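Chain residues, written in single-letter form:
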Amino acid sequence: VRRYFNKPNKVSAKAMFRHPIWSTWALHKTKIDQEKLLEYAANIRKHNFNCSHLELDDRYSSRYGEFEFDTTKFPNASSMFQKLKSDGFLVSLWIHPFVNYDSDNFHTCVERSLFVMEPTGRLPALVKWWNGIGGILDFTNPEARDWFSSQLRSLRSRYGVTSFKFDAG
């Protein structure tokens, strides 16, 4: 593990230890959208609950392995993030290492050899996980790490995402 993951070089914000992370999963599971998220945040404030982060969990994208907000469920993600920030929320997004075969990114990942490969090394090793079938990003491959990191950096710069919850891999 030490070959691929450095030890943390700083401690998380103290608020992370003092106040809860409110996750949309607890109330909405996969049935989350912009209106429900903003209502959830408003209720946290209305009841004067402490909050270190508000975590937007599963199904903010239309397919697993995409890094764009589903515009049907989140018609204006930018203004949603601005509202949450102005209300004092730090927003975390649920992230996983899978790119399902129906994702727009699947073909890109196959072409660039970003997935863990089956034993012959000729084809991606497809995996069945709880949200479908897809490839799993090969984080031992620097190009896969760079591609994935660039997706996360884009979310941070475009929307002001504070943190990511890495899960499912």
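Parameters at a glance
- Residues numbered from 1 in each chain as written.
- Predicted model: local features only at pLDDT ≥ 70, side-chain atom pairs only at ≥ 80, totals over all residues.
- Heavy atoms only, no water.
- Salt bridge = Lys/Arg side-chain N within 4 Å of Asp/Glu carboxyl O.
- Helix = DSSP H or I, 4+ residues; strand = E, 2+ residues; numbered from the N terminus.
- Buried < 20%, exposed > 50% of the residue type's maximum accessible area, 1.4 Å probe, protein only.
- Pairing = 2+ DSSP bridges.
- Axes fitted to C-alpha atoms, helices over the stretch in contact; angles between N-to-C directions.

Trainee: Where do I start with the pattern of salt bridges in this structure?
Mentor: Charged atoms that come close allow side chains of opposite charge to pair. Under the defined criterion, the tally for this structure stands at seven salt bridges. One salt bridge in this structure joins Arg158 and Glu68, with 2.9 Å as the shortest N-O distance. Here Arg158, found in helix α6 (residues 142-159), pairs with Glu68, found in the loop between β2 (53-56) and α4 (77-86); they are 90 residues apart in sequence, far enough to count as distant. Given the relative accessible area of 35%, Arg158 is considered partly exposed. Each member of the salt-bridge network shares a partner with another, and the members are Glu55, Asp57, Lys165 and Asp167.

Trainee: Quick question: what am I supposed to make of the sheet that holds strand β4 (residues 98-100) here?
Mentor: Hydrogen bonds between backbone groups are what pair the strands of a sheet, and the pairing can be parallel or antiparallel. Spatial ordering of the open sheet is given by β4-β6-β5, a layout of three strands whose pairing is antiparallel. Edge positions in the sheet fall to β4 and β5 (127-129), since each has one partner strand and no second. Within this sheet the neighbouring strands show an average axis-to-axis angle of 55°, counted without direction. Direction of pairing for β5 relative to strand β6 (residues 132-136): antiparallel, over a ladder of three bridges. Opposite Lys128, over in β6, you have Ile133 as the bridge partner.

Trainee: Whenever I open this one, unusual backbone geometry confuses me. Can you help?
Mentor: Among all residues save glycine, negative phi is the norm, and among peptide bonds the norm is trans. The phi torsion at Arg59 lies on the positive side, around 85°, for a residue other than glycine. Tracing the sequence through the fold places Arg59 in the loop between β2 and α4. Relative accessible area serves as the criterion here: at 24%, Arg59 is assigned to the partly exposed category. Positive phi is not limited to glycine here, since Ser113 has a value of about 55°. Turning to its location among the elements, Ser113 is positioned in the loop between α5 (104-111) and β5.

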